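# Structural overview for review
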Amino acid sequence: MSLRQAICVSLSLLALMGCRQDMHDQKKLEPLEKSSFFSDQRASRPQVEGTVARGHLRADSALFEGRVDGKYVAKIPIPVDRALLDRGRERFGIFCTPCHSALGDGNGIVVQRGFKRPETYHQDRLRTAPVGYFFDVITNGYGAMYSFNARLTPKDRWAVIAYVRTLQLSQWATLADVPADERSALEEMR
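These notes cover the structure that comes with them. (Residues numbered from 1 in each chain as written. Predicted model: local features only at pLDDT ≥ 70, side-chain atom pairs only at ≥ 80, totals over all residues. Heavy atoms only, no water.)

### What about the environment of Tyr 142?
Where we set the bar: Strands here are runs of E lasting at least two residues and helices are runs of H or I lasting at least four, both read from the DSSP assignment and numbered beginning at the N terminus. What makes two residues a contact is simply this: any of their non-hydrogen atoms within 4.5 Å.
Within the secondary structure, Tyr 142 is located in the loop between α6 (131–140) and α7 (154–172). Excluding residues that lie within four positions of it along the chain, Tyr 142 makes contacts with Tyr 133 and Val 137.

### Describing the nonpolar core
What counts, and what does not: By convention a nonpolar core is built from buried Ala, Val, Leu, Ile, Met, Phe, Trp, Tyr and Cys residues, the set being connected through side-chain atoms within 4.5 Å. The buried label goes to any residue with under 20% of its type's maximum accessible area, the exposed label to any with over 50%, and the partly exposed label to all in between, with areas taken from a 1.4 Å probe on protein chains only.
If you look at the biggest cluster of nonpolar residues, it comprises 27 residues, and the most contacted ones within it are Ile 76, Phe 92, Phe 134, Trp 158, Val 160 and Ile 161. Counting only elements with at least two residues in this core, the list comes to α2 (61–65), α3 (82–100), α6 and α7. The leading source of residues in this core is α7, at 8 residues. Once residues lying within four places of it in the same chain are set aside, the contact partners of Trp 158 are Ala 62, Leu 63, Gly 66, Val 73, Ile 76, Pro 77, Ile 78, Val 131, Gly 132 and Phe 135.

### Brief notes about the packing of α3 against α7
Our working rule: Between N-to-C directions, angles span 0 to 180 degrees; the directions come from axes that are lines fitted to C-alpha atoms, helices contributing only their stretch in contact. With respect to orientation, any angle under 35 degrees is reported as roughly parallel, any angle over 145 as roughly antiparallel, any angle of 65 to 115 as roughly perpendicular, and every other angle as oblique. Under the scheme applied, nonpolar residues are Ala, Val, Leu, Ile, Met, Phe, Trp, Tyr, Cys and Pro; charged residues are Asp, Glu, Lys and Arg; polar residues are all the others, including Gly.
In the contact formed by α3 and α7, the axes pass within 7 Å of each other and the chain directions differ by 90°. Overall, the two elements α3 and α7 adopt an arrangement that is roughly perpendicular. On α7, the residues that touch Leu 84, Leu 85, Arg 87, Gly 88, Arg 89, Arg 91, Phe 92 and Cys 96 of α3 are Lys 155, Asp 156, Ala 159, Val 160, Ala 162, Tyr 163, Val 164, Thr 166 and Leu 167. Class assignment of the residues belonging to the contact of α3 with α7 gives a composition of 10 nonpolar, 2 polar and 5 charged.

### Brief notes about a nonpolar patch on the surface
Put simply, the test is: Patch membership requires over 30% relative accessible area and the absence of a salt bridge. Like charges are linked within 9 Å, and nonpolar side chains (Val, Leu, Ile, Met, Phe, Trp, Tyr) within 5 Å. To measure how exposed things are, a 1.4 Å probe is used in the Shrake-Rupley method; for residues, cover is taken only from the protein chains shown. When a carboxyl oxygen of Asp or Glu lies within 4 Å of a side-chain nitrogen of Lys or Arg, that pair is called a salt bridge.
A surface patch of nonpolar side chains, about 570 Å² in accessible area, is lined by Leu 3, Ile 7, Leu 11, Leu 14 and Met 17. Looking at the secondary structure, you find Met 17 in helix α1 (residues 3–18). Assessed through its relative accessible area of 59%, Met 17 is described here as exposed.

### Some thoughts on the packing of aromatic side chains
Selection criterion: Only the six-membered ring of Trp is used, alongside the rings of Phe and Tyr, when aromatic pairs are assigned; centres must lie within 6.5 Å, and planes under 30 degrees apart are stacked while those over 60 apart are edge-to-face, with the rest tilted. Only when the NZ of Lys or the CZ of Arg is both within 6 Å of the ring centre and within 35 degrees of the ring normal is a charge said to sit over the ring.
Taken as a whole and assessed by the stated rule, the structure comprises 9 aromatic pairs. Plain terms: the ring middles of Phe 92 and Tyr 121 are 6.2 Å apart, the flat faces sit at 50° to each other, and that makes the pair tilted. Separated by 29 residues along the polypeptide, Phe 92 in helix α3 and Tyr 121 in the loop between α4 (109–112) and α5 (124–127) bring together distant segments of the chain. Across the pair, exposure class does not vary: Phe 92 and Tyr 121 are buried alike. With a centroid separation of 5.9 Å and 75° between ring planes, the pair formed by Tyr 133 and Phe 134 is classed as edge-to-face. It is Arg 45 that lies over the ring of Phe 38; its NZ or CZ is 3.9 Å from the centre. Seen from the ring of Phe 148, Arg 151 lies directly overhead, with NZ or CZ sitting 5.7 Å from the centre.

### Focus: the side chain of Gln 168
The criterion, for reference: We define a polar contact as two N or O atoms separated by no more than 3.5 Å, with the added condition that, inside protein, one atom must be a possible hydrogen donor and the other a possible acceptor, whereas residues neighbouring each other in sequence contribute only through side-chain atom pairs.
Along the polypeptide, Gln 168 turns up in helix α7. Looking at Gln 168, its side chain comes within polar contact range of the side chain of Arg 165, at 2.8 Å. Beyond its immediate sequence surroundings of up to four residues, Gln 168 is in contact with Tyr 121, His 122, Leu 126, Arg 127 and Phe 134.

### Digging into the pattern of salt bridges
One pass over the full model with this rule turns up 9 salt bridges. As a salt-bridge pair, Asp 40 and Arg 42 come within 3.1 Å of each other at their nearest N and O atoms. Taking relative accessible area as the criterion, Arg 42 reaches 42% and is therefore assigned partly exposed. Here Asp 40 ties to Arg 45 by a salt bridge, and the two come within 3.1 Å at their closest N and O atoms. Judged by relative accessible area, Arg 45 falls into the partly exposed class, the value being 41%. A single network of salt bridges, built from pairs that share partners, joins Arg 87, Glu 90, Arg 91 and Asp 156.

Below, the structure is given as structure tokens:
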């Protein structure tokens, strides 16, 4: 390659390097940056009054807070069916069993390794507690239990609570709680 060709190639490379434009050099306004375009000199625009972000309207306080007028709700605010109970059992197994155990007696695997034992779900205080109380505890945490707000959606929290109620019923049910058509089959098994 001749000297002249080498100089042309070098100049071409230098020219190409000078044309580089990165995305960070775009003509745009950054958040909280001063702008002469708007009369208030702010680049960030205020939200239009009355705007609600999609999926963030939490008008149903029973569903999203477990309270109505500051009092815990007594009834689960979504339909309780087999699918909800199955989901609650799955979520309970993932998030609650390590501390509360599969039975809800508070003797989970981490407790057996020295972690502080949570209260059993089968004591009178928790068996008679409104479901909104459980929602509040799952959402905000209690004692050594941290908040599950970011880990469980409100519907999943209600599913877990529905499953906890089935665990409580399983330990305190009487024969009178069994439907009449199934009661005879149980009495035959005695």
